[in-house]
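One letter stands for each residue in the lines below.
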Amino acid sequence: MADYFNLPRFETNGTTGEQSVFNTAMKLLEKSRILDSALKKLGVKPDMNAGHSLGEWLAGRSSGLASEASVLQLLTRLNPELFEVKNTRFLAVGCGYDQLKPWLEGRPDIYLSIDNCPQQVILCGTVEAVEDFSAVLRAHQIFHQQLPFQSGFHSPFVKDKLDRILDGLETMEFRQTGIPLWSATTLDLYPESFDEIRSLSIEHLVKPVRFRELIDKLYAENVRMFVQVGSGGLVGFVDDTLKGKSYSAIASNVPIRGGLQQIQRVMAALFVEGKAIDLTFMGVGAQQTARKPMKLQLGSPFVTSFDSLKKITVHQPKKELALDDVANPVMRALSANLHEIALVQSEIAGLIRNRPVAAPAARANVRPETIKQPAQRAPFKKQLDVSLQNSPWLIDHSLLKQKPGWHCVEDMDPVIPMTMIFEVFGDIAREQAPGLRVQKIMAIKVFQWMNVVEPFRETVTGEWKNPALVYLDLDKYANAEVQLSETKGVPEATGYDIGESLGITITPEQIYRENMFHGPAYQGIREVKSIARNGITGLISGSAGKGSLLDNAGQLFGLWLQLTLTKDRIAFPVKINEVEFYGEMEDQAGIFECTCRLTELTDEFATADFILKRDGEVWSIIRGWQNRRLEIDDKLWNVSMAPLQNVLSEEVAPGVFLFRNAYQRVVSWDFILKRYFNQPEKQHQRSLMPNKKKEWMISRVAAKDATRMLLLRSRGEAYFPIEFEIRSDGVGKPFLDGPMTGGIHISLAHKNLEAVAIASDKGPVGIDIEEIQPRSSGFTEIVFTPLEMALLEGRDQDEWMTRCWVAKEAFGKMLGKGLMGNPRAYQIEEIKENALRIQDTWINTIKHFNYIIGWTN
């Protein structure tokens, strides 16, 4: 287990405002880089890295997650001045979060931001919420202090600013880490998929820093040495969290001592903990005395016989402690240790004396140089060239279903399945070692999708660990080990018990219509025999697609997750411990019975073992097939699987569709972009300013859903959202562009996180959405006539002024003119229940949470 832990630090000392904090942070970035480089040059390599707040990026840089230039570019984009959130404050509190948690429950607008240690947490809230909670702390006599920052990092307040970081992450070049990297957001190792790394980077900014929990978690993982690479108070947080436990924590930079002197102290601490260090840097001269080499006598009695040890006797020390030493706790402890050592020596000697001596092995006298060893194989490289031309079946492994015969391959997202790539690894290994068969493929990992819209041309490097075991690496994408053999192994099992049947039945037609994205070349589930409490059994077969047989085994497990879990039911494979073949890997003809047995289920992963049998004989056993569970809700998955019948938006009134910016993960928005928008629309979205991209997307998702449902209901025609575009005319009015949309008018609007849209084939329409809030006297004078103010007498002013404002906006949109700077020109003449009349047009309105939505009838 790891026992050395590196803690890069993003420090936020200083009280002169956000910009001074940022400048300090950039200086600490450079200081952390220098210290990290210095320690590594001295041979100090951490077993793992972690960071605090934005220092997690510095830890990522140390682990090799991203280049120095990428980290610097990202931190520049994270300038707190650019993320300033008005009306927010940070509140430092001198106690543990467990004590605060009951008092925070039910309180709006204040959140945990950083959990540093049992004696310090940082909260973030509105000015009003912080003042209100400060009164609670004063009543309980708990020390607290407001901090002069307004960035809102590590709280929901920064969500509206995420487009800046999303834009920065698009240019980040992530790499596979050389040193394990832990996250203070998830309390787990960083994911291996680059898309998931980007997603976690977003979560890291809006969710709390759980530093106290991370230290406890790492201590449970046997971490005992903490080295802070930078300045600040992390050592104090560690000390407070691990008080009373056995550990060591030291900073590599302190204000009271020079840099070289403090690094010497770090090296000394590592030396005391048993780490190999550079003694010359410690000022200890290296021993240069030449010694005569010693030849080991491997055939000596010490190795082949225990007779010489049977004469050993152990005399336990009889010396009593002097009277002066009896009261000394150190001497008492030393005496106790010596006594314990003597007892252990006595026990070992007794075991040796009573051990029967075995006859010398038949090969004991064989000289080592006479044993024939296979020649070590040389490293090699193999160029991969995978395309839809030479592997046409891959079009059936596209992540997005589009209209049959769709002209644009980019809109389908065809990718290489994990099973194909590790079977290719097996083929490469056999080519390099003729005469041997693939026995096992082990430690299989995939890091990102291998898209084949353009030919996938990458290099596989191979390194032999022994003459029958080769490590294969496809840089940035996947790696695995292949074990070769002359003979077949014997399976340890012929079947798995998956428990009591759940009584669920499903046909292959349903599976590939509702649950799986795969096309014909990868549709190999022939029958589902049993869906049980702990797994699934079915009949599968391979097809033209390379890797299709084992891909179908994975599909069975994914199907079980979808049918039995209640949330995060969608999962994709990321790693496999090993695949062992008892038949020939390349012989995949026929029907196979496959049983998938669940072995572990966590919030993030689902893991299972598979057994595949053909004609009653075990052909393969897969151990430790691991799927990563995705935060894709039912709506998003249903739109992906069956876009003709499903929409992402909610129909809040007949024909009125609302889509909310509710997704936080980058992968979810990428999914929506690919599902709803064609190539010209995607190019336009990429050209928008970061803070406009989400607004553009959510309003057009709502408009496309409104249009598609109108086409389905009024004309009986179902369309994919990508089949038509939403464009804007010279004055910004949206219109539909597509042969199927003739005669259909649309209107859309957005406010904060909400977007609404309406479509009609009966003439122009208008829609608007506004948040209910107080309106100033200046606003009412500009917007409303005296007649309108008379209509509002006796009504809730905030709500009804908002209804009137929405009605005017919707009416102006219907005319295609907008308000033209004169909202009083569109006078509300009558109100009936929740409908308002302007001229001869009625505008319906509804209250949706704290919003008013209005549309022309």
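For the structure, check the block above.
Only a predicted model underlies this, so the values are computations on that prediction, with no experimental measurement involved.

Reading guide: rules and limits
Residues numbered from 1 in each chain as written. Predicted model: local features only at pLDDT ≥ 70, side-chain atom pairs only at ≥ 80, totals over all residues. Heavy atoms only, no water. Helix = DSSP H or I, 4+ residues; strand = E, 2+ residues; numbered from the N terminus. Buried < 20%, exposed > 50% of the residue type's maximum accessible area, 1.4 Å probe, protein only. Contact = heavy atoms within 4.5 Å. Areas by Shrake-Rupley, 256 points an atom, 1.4 Å probe, with all protein chains shown as cover. Pairing = 2+ DSSP bridges. Axes fitted to C-alpha atoms, helices over the stretch in contact; angles between N-to-C directions. Phe/Tyr/Trp six-rings, centres within 6.5 Å; stacked < 30°, edge-to-face > 60°. Lys NZ or Arg CZ within 6 Å of the ring centre and 35° of its normal.

Q: I tried to follow the overall build of the protein chain on my own but got confused; where do I start?
A: The helix and strand tally for the protein chain stands at 23 helices and 32 strands. Here the protein chain, with 857 residues, has 51% of them falling under the buried criterion. Nonlocal contacts in the protein chain, meaning residues at least 24 apart in sequence, comprise 69% of its contacts between residues at least 6 apart. Surface exposure of the protein chain reaches about 40,700 Å², of which carbon and sulfur atoms provide 52%.

Q: Help me understand the sheet that holds strand β23 (residues 656-660), please; the structure alone is not making it clear to me.
A: Across a sheet, paired strands are connected by hydrogen bonds in the backbone, their directions being either parallel or antiparallel. With respect to topology, four strands assemble into an open sheet ordered β22-β23-β27-β26, the strand pairing being antiparallel. Either end of the sheet is taken by a strand with one partner, and the two such strands are β22 (650-653) and β26 (745-751). Mean inter-strand twist for the sheet, computed between neighbouring axes without regard to direction, equals 30°. In this sheet, β23 lies alongside β22 in antiparallel orientation, the contact comprising three bridges. Along β23, the bridge assignment pairs Glu-651 with Phe-657.

Q: Explain the pairing of strand β18 (residues 571-581) here, please?
A: Sheet faces and side chains relate simply in a regular strand, where the side chains alternate between the two faces. Within β18, eight of the eleven residues are buried, which leaves it mostly tucked inside the rest of the structure. Relative to β18, strand β12 (residues 437-446) is paired through five bridges, and the arrangement is antiparallel. Paired with Lys-440 across the two strands is Glu-580, which belongs to β18. Summarising the sheet, β18 and strand β21 (residues 617-629) pair through nine bridges and their orientation is antiparallel. From the neighbouring strand, Glu-580 faces β21, where its bridge partner is Ile-621.

Q: What exactly am I supposed to notice about the packing of aromatic side chains here?
A: Any two aromatic rings considered together are summarised by their centre-to-centre distance and by the angle between their planes. For the structure on display, the rule yields 19 aromatic pairs. Taking the centre distance of 5.0 Å and the plane angle of 80° together, the rings of Phe-456 and Tyr-477 count as edge-to-face. Residue Phe-456 is located in strand β13 (residues 456-466), and its partner Tyr-477 is located in the loop between β14 (469-474) and β15 (478-485); the two are separated by 21 residues in the primary sequence. Assessed through its relative accessible area of 4%, Phe-456 is described here as buried. Tyr-477 sits in the buried class, given a relative accessible area of 13%. Ring centres of Phe-659 and Tyr-663 lie 6.5 Å apart, and the angle between their planes is 35°; this geometry places the pair in the tilted category. Across this residue pair, the class does not change: Phe-659 and Tyr-663 are buried. Through a chain of ring-to-ring contacts, the aromatic side chains of Phe-557, Trp-560, Phe-610 and Trp-625 assemble into a single cluster. We note Lys-704 situated over the ring of Phe-724; from NZ or CZ to the ring centre the distance is 5.5 Å.

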